[in-house]
Amino acid sequence: MTQLMDTVATLDRRTTGGADAVAARAAARARIDDDKAMLKAAADLTRDLNAANPAIYWTDMLASAAIGYAALVAAIMAPSVGWAIVAGIISALALYRAESFIHELTHIKHAAVPGFRLGWNLIVGIPLLTPSFMYEGVHNLHHARTRYGTVEDPEYLPLALMKWWTLPVFILVAALAPVALLVRYAVLTPLSVIFPPLRRVVVARYSGLQINPSFRRRAPEGEARSLWHRLEAGASVYAIALIALTATGIIPLKAFLIFLAVTSGLAVTNQVRTLVAHLWENEGEVMTVTAQYLDSVNVPPPAVLPMLWAPVGLRYHALHHLLPGLPYHALGTAHRRITAALDADSVYHKGSYKGLPVLVTRLARSTITRR
């Protein structure tokens, strides 16, 4: 998705018209002091939840991948378009859940879940052309205290302060991501080995799952560099083989196109989730942890659909910004404990929303009111 985000590099960030109120509200929020009582309660109430459970990680990831690939085969072999669509939707949602574990890989200690990074890359990351190096070393910058919401944050754009047309463009970028990733690994990777100047561009601009087109990634060093090269080589061989096998007819064109459609659906689902992961109202100011929490979103129960569009703990994204090291399977328990312990007027409760429609409407209204 990163390589296509340059298409929105010139998005208008000027705060005019109805967005003035949003900008003023965001500026005021950025100056909010940390709510020390909330932060202490969140830490104290969850100390026993910090250990990742390997059985949960492996079972969830493997089951999601198995369902996703089985449904993909069913979509390819379906006797009718209707059944192909149903199977394709199931495949996209299941593979989306499996792919979402890339987020966990950036936070868990790998020794706590032995072999999980390698297993995830072989089963999900490389087949979907999103190996873990594209998020590791990038997502952690989003959680850096002085980077969140600034131009140095690879995962932030002030979408609420932009023009209305930026939202459909944002989604379109994701729909085209599978093709862009094929080009990234089948074409740019081998060429960049031959041409060092191209390699520098590929590393800086096309090697991260980011939404900020101004972000430039630094070249990896040490062990991260070795892992990057191994995973990139594997993804490149896979992408070239996929194209070659399709071109020679070994993989039917229909199967290849269905694969692209499913992965496109996966990417669009994730992009819609990204639209409501934050309020996107900050325009570059450094924010306190509490301010970052208020700019982020929880969609807790009784809402049910977030299980599909915000899986693997992503429905508790605001809480995740308070406790980024908490494993995904503990977030629900943590949220219930903190909610019960804090007074009704606590800042913590202001981070929860009812569901996707409310959040999308809020964001769309902010962009539509711009002149």
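Let me sum up the structure you'll find in this document. (Residues numbered from 1 in each chain as written. Predicted model: local features only at pLDDT ≥ 70, side-chain atom pairs only at ≥ 80, totals over all residues. Heavy atoms only, no water.)

In this section: the pattern of salt bridges. Within the structure shown, the criterion is met by eight salt bridges. Residues R337 and D48 are paired through a salt bridge, measuring 2.7 Å at the closest nitrogen-oxygen approach. Here R337, found in helix α16 (residues 331-341), pairs with D48, found in the loop between α2 (36-45) and α3 (54-77); they are 289 residues apart in sequence, far enough to count as distant. Classification of D48 by relative accessible area gives exposed; the value is 54%. With its nearest N and O atoms 3.1 Å apart, the salt bridge here joins E136 to R117. Of this pair, E136 sits in the loop between α6 (116-125) and α7 (139-142) while R117 is found in helix α6, placing the two residues 19 residues apart along the sequence. Looking at E136, the relative accessible area reads 15%, which means it is buried. Of the residues examined, R117 reaches a relative accessible area of 22% and is grouped as partly exposed. (Salt bridge = Lys/Arg side-chain N within 4 Å of Asp/Glu carboxyl O. Helix = DSSP H or I, 4+ residues; strand = E, 2+ residues; numbered from the N terminus. Buried < 20%, exposed > 50% of the residue type's maximum accessible area, 1.4 Å probe, protein only.)

Before going further, it helps to examine the packing of helix α9 (residues 177-194) against helix α11 (residues 222-247). As a packed pair, α9 and α11 sit with axes 8 Å apart at the nearest point and diverge in direction by 110 degrees. Relative to α11, the element α9 lies roughly perpendicular. Seen from α9, the contacting residues are L182, R184, Y185, A186, T189 and P190; seen from α11, they are E232, A235, S236, A239, I240, L242 and I243. Tallied by class, residues from the contact of α9 with α11 come to nine nonpolar, two polar and two charged. (Axes fitted to C-alpha atoms, helices over the stretch in contact; angles between N-to-C directions. Parallel < 35°, antiparallel > 145°, perpendicular 65-115°, else oblique. Contact = heavy atoms within 4.5 Å. Nonpolar A, V, L, I, M, F, W, Y, C, P; charged D, E, K, R; others polar.)

Another point: the nonpolar core. Ranked by internal contacts, the top residues of the largest apolar core, which has 69 residues, are Y57, F101, F116, W120, L159 and Y185. Ranked by the residues each element gives to this core, the list is headed by helix α12 (residues 253-275), at seven residues. M38, A318, L319 and V347 belong to the second-largest nonpolar core, a separate cluster that totals 19 residues. (Core = buried A, V, L, I, M, F, W, Y, C linked by side-chain atoms within 4.5 Å.)

Taken together, the side chains of V179, V183, V187, L191, V193, I194 and F195 make up a nonpolar region of the molecular surface, amounting to roughly 620 Å² of accessible area. Position of V187 relative to the elements: it lies in helix α9. The partly exposed category is assigned to V187, whose relative accessible area is 39%. (Patch = residues over 30% accessible without salt bridge, like charges linked within 9 Å, V, L, I, M, F, W, Y side chains within 5 Å. Areas by Shrake-Rupley, 256 points an atom, 1.4 Å probe, with all protein chains shown as cover.)

Take H110: it is sitting in the loop between α5 (101-105) and α6. The class of H110 is partly exposed, set by a relative accessible area of 28%. Linking H110 and A52, residues 58 residues apart in sequence, is a C-alpha distance of 9.8 Å. Leaving out residues up to four positions away in the same chain, H110 has contacts with L105, R117 and E136.

A few words now on the environment of V237. Within the element layout of this structure, V237 appears in helix α11. Judged by its relative accessible area of 58%, V237 is exposed. Along the chain, V237 and Y185 lie 52 residues apart, while their C-alpha atoms are 8.0 Å from each other.

Right, let's talk about the packing of aromatic side chains for a bit. Scanning the entire structure with this criterion turns up 10 aromatic pairs. Pairing Y57 with F116 gives two aromatic rings, centres 5.5 Å apart and planes at 85 degrees, and the pair type is edge-to-face. Placement of Y57 in helix α3 and of F116 in helix α6 is noted, with a sequence separation of 59 residues between them. For the residue pair Y57 and F116, the accessibility class agrees, reading buried in each case. Ring centres of Y293 and Y348 lie 5.3 Å apart, and the angle between their planes is 20 degrees; on these two criteria the pair is classed as stacked. Here Y348 lies in the loop between α16 and α17 (356-368) and Y293 lies in helix α13 (residues 289-294), a separation of 55 residues in the sequence. An aromatic cluster of at least three residues, connected via ring pairs, comprises Y57, W58, F101, F116 and Y328. Over the ring of Y185 we find R184; its NZ or CZ atom is 4.6 Å from the centre of that ring. (Phe/Tyr/Trp six-rings, centres within 6.5 Å; stacked < 30°, edge-to-face > 60°. Lys NZ or Arg CZ within 6 Å of the ring centre and 35° of its normal.)

The next subject is the environment of I102. Checked against the element boundaries, I102 lands in helix α5. When the C-alpha positions of I102 and G125 are compared, they lie 8.0 Å apart, and in sequence the two are 23 residues distant. Setting aside anything within four residues of it in sequence, one finds I102 in contact with W120, T130, P131, S132, Y135 and L209.

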